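As a plain string of letters, each chain reads:
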Amino acid sequence: MNKITNMFFTHCIMIFLAACGSNEEPGTDNNQQVGEIDVSVVAAKFYNADHVKVTVGETTITITSTNQPDHKSMYYPTSHALYEDYQDTSNPDFRKNPNNIVAQNLVFKIPRYPAEASNKTSTSLGPMGVSINSVVLYNQNAGPGDDIFNELNTFDQYTGHPQQQGQYHYHTKPTWLTELKGSDAFLGFLLDGFPVYGPDEDGKTLTNNDLDAYHGHYAATADFPDGIYHYHVTDDYPWINGGQYFGTTGTFTN
């Protein structure tokens, strides 16, 4: 065997071994198949039917929401059936912000077959996703001039609050949903179509160290036993998302 033939043979062996040794991590060739997974299988898990509707299309899922939680809140008008006063006596800095919950008209169009984006986009202020009870999910940032850690002091008994236009939202773990549905349950979608789950998985409470830069990972879930990329809420900042979407985003209008 001459030198050129030997080099060619060695090169082929290296390619073969590299292909056999690839890992199933987000962003690798293996996970490009993620775009073949139909996330509409969890559409029926949206509830609070008077306030959220899910329509499954050929390539998109449309979620319309009035963004009104099904749990009690001090931010409902006092005449509302779900109004409940609240005082966090364990927090001396607790206070109610001046806004009330106002019905919205929000429309999310997300990919039915979400796929990793080649160029990641940042989440912006305002809704970055929607939860199964109609309430929108916000990122880890406060509005201009505000501090998110100061805003934590204005959260109601279920860790939400409304902004100036009355748009109620969760920045952090939605405790109403994790208590109602379970800490490992499907909680909603981000705008890229990838699902959001509670903090528990396989009997373990996840921390930020268990997740990637986008606050998610590729693993099996009860709804997707063959595996899917998904986000997890955690108890620590940034709570729901790391600041960028893993996948190619759909659209949001209000």
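Since this is a predicted model, take the numbers as computed values, not measurements. (Residues numbered from 1 in each chain as written. Predicted model: local features only at pLDDT ≥ 70, side-chain atom pairs only at ≥ 80, totals over all residues. Heavy atoms only, no water.)

1. Digging into the overall build of the protein chain
Selection rule: Secondary structure elements follow DSSP: runs of H or I of four or more residues count as helices, runs of E of two or more count as strands, with numbering from the N terminus. Working definition: with a 1.4 Å probe on protein chains only, accessible area under 20% of the residue-type maximum means buried, over 50% means exposed, and in between means partly exposed. By definition in these notes, contact holds between two residues if any of their heavy atoms fall within 4.5 Å. Working definition of accessibility: Shrake-Rupley area with a 1.4 Å probe, residue cover restricted to the visible protein chains.
For the protein chain, the helix and strand inventory stands at three helices and 14 strands. For the protein chain, the residues scored as buried account for 48% of the 254 residues in total. Residue pairs in contact within the protein chain that sit at least 24 positions apart in sequence constitute 65% of those at least 6 positions apart. For the protein chain, the exposed area adds up to about 12700 Å²; of that, 51% sits on carbon and sulfur atoms.

2. Section: the confidence of the model for the protein chain
Close inspection of predicted coordinates is inappropriate for parts of the model with low pLDDT. Which entries qualify depends on this criterion: Each residue carries a pLDDT score, the predictor's confidence in it, ranging from 0 to 100.
Looking at the protein chain as a whole, the pLDDT averages 89, with 87% of positions reaching at least 70. Predicted confidence is poor over residues 1-33, with pLDDT under 50, and the contacts of this stretch with residues over four places away or in other chains come to 16 contacts.

3. Some points on the pattern of salt bridges
The condition is simple: Throughout this description, the term salt bridge denotes a Lys or Arg side-chain nitrogen within 4 Å of a carboxyl oxygen of Asp or Glu.
Under the definition given, this model contains six salt bridges. Asp 235 is the partner of Lys 173 in a salt bridge, and the nearest nitrogen-oxygen pair spans 3.0 Å. Taken as a pair, Lys 173 in the loop between strand S7 (168-170) and helix H3 (175-181) and Asp 235 in the loop between strand S13 (228-232) and strand S14 (251-253) lie far apart in primary sequence, 62 residues in all. Of the residues examined, Lys 173 reaches a relative accessible area of 21% and is grouped as partly exposed.

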